[in-house]
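# Architecture and fold: a report
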Amino acid sequence: QVQLVESGGRLVQSGGSLRLSCAASGYAFTRYGMGWFRQAPGKERDFVARISWNGVSTDYADSVKGRFTISRDNAKNMVYLQMNSLKPEDTAVYYCAVEYGLYGLGSRNLHDYEYWGQGTQVTVSS
């Protein structure tokens, strides 16, 4: 049973920082790329960042590039999203997800991700 559990979301002031964590279990974590997505009320679920199975390749949405950093610790089956210089428009539920296919080459499309956590709420006050 694949399980992804996000944590770390909370209320934070604009300009502040948060680190989100995703604890994975039930699958061969080290063989799959991982992504972070977010969804604000009334909006689509958008790509935020992804990281390859071995942590070598990363990709970021333009809206977060330079502010957010995705990382993974394969020894702990953990994925992280360090978020700095937070803005009110970053307010959303943040989800981690497992990419389809072993050793995937990477995708920004949410339909290319097979498993999803329940999300963690990030609220950035102005």
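On a predicted model such as this, the values are computed, not experimentally measured, just so you know.

### Some details on the overall build of the protein
- Counting secondary structure elements, the protein contains 0 helices and 11 strands.
- Moving toward the C terminus, one meets the helices and strands of the protein in the order β-β-β-β-β-β-β-β-β-β-β.
- The C-alpha radius of gyration of the protein comes to 13 Å, within 12% of the 14 Å expected for a compact globule of 126 residues.
- C-alpha extents for the protein along the principal axes are approximately 40 × 25 × 25 Å.
- When burial is assessed residue by residue, the protein has 44% of its 126 residues classed as buried.
- A separation threshold of at least 6 residues defines the contact pool for the protein, and within that pool the share at least 24 residues apart is 57%.
- When the accessible area of the protein is evaluated, it comes to approximately 6400 Å², of which 46% is carbon and sulfur surface.
- For the protein, the centre of its 13 positive side-chain charges and the centre of its 11 negative side-chain charges are spaced 6 Å apart.

### As for the pairing of strand 4 (residues 34-39)
- Burial runs high along strand 4: 5 of the 6 residues are buried.
- Between the end of strand 4 and the start of strand 5 (residues 45-51), which pair antiparallel, lie 5 residues, with Gly42 showing a positive phi angle near 80°.
- Looking at chain direction, strand 4 and strand 9 (residues 92-99) are connected through 6 bridges and run antiparallel. Bridging from a neighbouring strand, Gly35 pairs with Ala97 of strand 9.

About the thresholds
- Residues numbered from 1 in each chain as written.
- Predicted model: local features only at pLDDT ≥ 70, side-chain atom pairs only at ≥ 80, totals over all residues.
- Heavy atoms only, no water.
- Helix = DSSP H or I, 4+ residues; strand = E, 2+ residues; numbered from the N terminus.
- Rg over C-alpha atoms; globule rule 2.2 N^0.38 Å.
- Buried < 20%, exposed > 50% of the residue type's maximum accessible area, 1.4 Å probe, protein only.
- Contact = heavy atoms within 4.5 Å.
- Areas by Shrake-Rupley, 256 points an atom, 1.4 Å probe, with all protein chains shown as cover.
- Lys, Arg positive; Asp, Glu negative; His and termini not counted.
- Charge placed at Lys NZ, Arg CZ, Asp CG, Glu CD.
- Pairing = 2+ DSSP bridges.

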